[in-house]
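Single-letter residue listing:
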Amino acid sequence: MKVEALPAIKGNYNLQDYEETYKTFDWKETEKSFSWSETGKVNMAYEAIDRHAESFRKNKIALYYRNDSRKEKYTFKELKELTNKAGNVLKSYGDVEKGDRVFIFMPRSPEFYFAALGAIKLGAIVGPLFEAFMEGAVKDRLEDSEAKVLVTTPDLLYRVPVDQLPALKTIFIVGTDVEEDGKYVDFLKHLEDAPSSLDIEWVDRNDGLILHYTSGSTGKPKGVLHVHNAMIQHYQTAKWVLDLQEEDIYWCTADPGWVTGTSYGMFGPWLTGTSNVIIGGRFSPDAWYKTIEEFGVTVWYSAPTSFRMLMGAGDEVIKKYNLSTLRHILSVGEPLNPEVIRWGRKVFNHRIHDTWWMTETGAHLICNYPSMEIKPGSMGKPIPGVEAAIVDDQGNVLPPNRMGNLAIKRGWPSMMHTIWNNQAKYDSYFFPNGWYVSGDSAYMDEDGYFWFQGRVDDVIMTAGERVGPFEVESKLLEHPAVAEAGVIGKPDPVRGEIIKAFVALMDGYEESDELKEDIRQFVKKGFAAHAAPREIEFRDKLPKTRSGKIMRRVLKAWELDLPVGDLSTMED
Ligand code: ATP
Ligand code: MG
């Protein structure tokens, strides 16, 4: 697709000269920012919170929180004390020790962060669970990880099949009027009484920190274990890519049940001493714009699905709010359609910066930073310290403009440590010659920009041409009637596969054969004849993960009458 590049702007951290930094940068330089590089003994929670509480930032706001009924703020000093208290509660009443899995299953709230950081201070491994998970999803994860402790709320308790989880010894309940009984402990009552000082458990850099189950877009979620060492990259990318500065007010919209909500909703911003906004409750355009206005958000990290919903809500609603504090907007999780970038420029007067990474990679790998030209539709370039390439199925590096496997050279600091209980799965990510293979299909252009094409399994072979579903979906979105689109390959005796598009319409459009034909012609004329969907089906909604990703495997299963597989992460 022909694109016009958007000019670079001045970023604060010296990636002005990307090429130069890329040539010379070594992660060892970042490591030296931390005092533990000398001793080797480390703790993420200390670096994210306590270090600032003992510095000029002690009275700086670390956490702004709001939901429908609460509005609170906490300084770094207060967070240090509250996470110490939480650590003491978990230790005294749950016997939590280094390496234990402590799962947290509750809505976004300050207590979520107290418990998570408190557990990390004890050297435990935190397992965050998205509040909307139903019983099956909760059970799978607690069982697989053999969680010893769970922190949850009274409302969610009925989804925890406690009798079927022999490893689960203690359940902390966060709520009012909690009846303590055997393994059930009142978290808030004891939090209040707990001492506010705690002996931190110093761990090795490769000791477990957090266990994240993947989004489940392509199959059963995998338990990805990250270690404390990941902080090197969380910190560096929070500076380079999020461009966080002392005065920034930062808002990441992702739930901590997903990796974005921890790597960049907790660790990255706090490692850099940034004020972090966390919002509970449901999405609505008004609530979101109001958040930006109310807190004076300067750096905003969200996802294409949210931007598309905001775009769909129309530009009138934006005019009600003062969004002038915004200076940097980023996106992750799914391909960022050029149409969305154009809309962002129009309504916010900012370029939306795409970032590509995965649960498994722990932190940003390929991005558009403030100081780079953006080519709308491209994910950008590998950050310094990361070597990316497009390789064929044997692991040979392909020349520019050839579609293949997006692969990364081993050796970035936030790389997963293992897949929990599944070494074979972990091993399957690597080619014998050492490349980590992402499972995404992409190409690199002659300027070194990477272009996402789809999941490897989703790439469509039609009449001898390889078509990435993403470019077709992006073209479909440019049609005024199309709100959301998911594209799959459907087996065809003549062409191998044909392109089938599932389309949700914008409000005010009626389904009709004429509209189908109009959409088809739009792709044919505006993109390529061979990529125009031969079949279009209208749907009210597309199947999505709870992290907002279109589940193409479900569309395909419906279409071909195949088993749909694991649906534990699908939206209701
Ligand atoms: P599962 O691995 O369980 O199937 P998932 O891959 O969706 O689920 P995540 O780790 O949350 O789980 O998502 C990583 C994937 O998200 C990437 O492999 C990629 O396909 C997609 N992705 C993330 N960021 C981008 C981006 N900027 N552009 C395009 N795709 C992206
Ligand atoms: Mg994945």
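This structure is a prediction, so every number in the text was calculated from the model and none was measured.

**Here's the deal with the site of ligand 1**
So, point 1. Thr214, Gly216, Ser217, Thr218 and Thr359 are the nearest of the 23 residues found near ligand 1.
So, point 2. Within the side chain of threonine 218, a nitrogen or oxygen atom sits 2.4 Å from an oxygen atom of ligand 1.
So, point 3. Taking glutamate 334, its main chain carries an N or O atom lying 3.4 Å from a nitrogen atom of ligand 1.
So, point 4. Coverage of ligand 1 by the protein amounts to 96% of the 620 Å² it exposes when considered alone.

**Things to note about the domain arrangement of the protein**
So, point 1. As far as domains go, the protein holds domain 1 (22-365) and domain 2 (462-560).
So, point 2. Put simply, the middle of domain 1 and the middle of domain 2, counted by C-alpha atoms, are 35 Å apart.
So, point 3. Tallying the contact residues gives 20 residues for domain 1 and 17 residues for domain 2.
So, point 4. Both sides of the domain 1 and domain 2 interface together cover about 1600 Å² of buried area, and 54% of this is carbon and sulfur.
So, point 5. Taken as a group, Ser217, Arg308 and Glu334 account for 26% of the area that domain 1 buries against domain 2, more than any other trio of residues on that side.
So, point 6. Taken together, domain 1 and domain 2 are joined by eight residue pairs in polar contact (both at pLDDT 80 or more).

**A look at helix 13 (residues 338-348)**
So, point 1. Among all positions of helix 13, only Pro338, Val340, Ile341, Trp343, Gly344 and Phe348 are buried.
So, point 2. Summarising the contacts, the buried residues of helix 13 are in contact with helix 11 (285-295), strand 14 (299-302), helix 12 (304-312), strand 15 (328-331), strand 16 (352-356) and helix 15 (469-478).
So, point 3. Where helix 13 terminates, the next one or two residues include asparagine 349, which has phi positive at roughly 60 degrees.

**Remarks on the UniProt feature "domain: AMP-binding enzyme C-terminal" (unreviewed entry) in the protein**
So, point 1. UniProt records the feature "domain: AMP-binding enzyme C-terminal" (unreviewed entry) for residues 471-549 in the present numbering.
So, point 2. A distance of 16 Å separates the end C-alpha atoms of residues 471-549, which is 28% helix and 32% strand.

**Details of the packing of helix 6 (residues 110-121) against helix 10 (residues 259-271)**
So, point 1. It is at 12 Å that the axes of helix 6 and helix 10 come closest, and there the two elements cross at 65 degrees. Our classification of the angle between helix 6 and helix 10 gives roughly perpendicular. Helix 10 is crossed by helix 6, and the crossing has right-handed handedness. Of helix 10, the residues touching helix 6 (which contributes Tyr113, Ala116, Leu117 and Ile120) are Met266, Phe267 and Trp270.
So, point 2. When grouped by side-chain class, the residues that make up the contact of helix 6 with helix 10 number seven nonpolar, no polar and no charged.

What counts, and where the lines are drawn
- Residues numbered from 1 in each chain as written.
- Chains lettered and ligands numbered in written order.
- Predicted model: local features only at pLDDT ≥ 70, side-chain atom pairs only at ≥ 80, totals over all residues.
- Heavy atoms only, no water.
- Near = heavy atom within 4 Å.
- Polar contact = N/O pair within 3.5 Å; in protein donor to acceptor, adjacent residues only side chain to side chain.
- Areas by Shrake-Rupley, 256 points an atom, 1.4 Å probe, with all protein chains shown as cover.
- Domains from an automatic or database assignment.
- Contact = heavy atoms within 4.5 Å.
- Buried area = accessible area lost by both parts, 1.4 Å probe.
- Buried < 20%, exposed > 50% of the residue type's maximum accessible area, 1.4 Å probe, protein only.
- Helix = DSSP H or I, 4+ residues; strand = E, 2+ residues; numbered from the N terminus.
- UniProt positions renumbered as here; feature names shortened; annotations may be inferred.
- Axes fitted to C-alpha atoms, helices over the stretch in contact; angles between N-to-C directions.
- Parallel < 35°, antiparallel > 145°, perpendicular 65-115°, else oblique.
- Left-handed = near helix turned anticlockwise from the far one by under 90°.
- Nonpolar A, V, L, I, M, F, W, Y, C, P; charged D, E, K, R; others polar.

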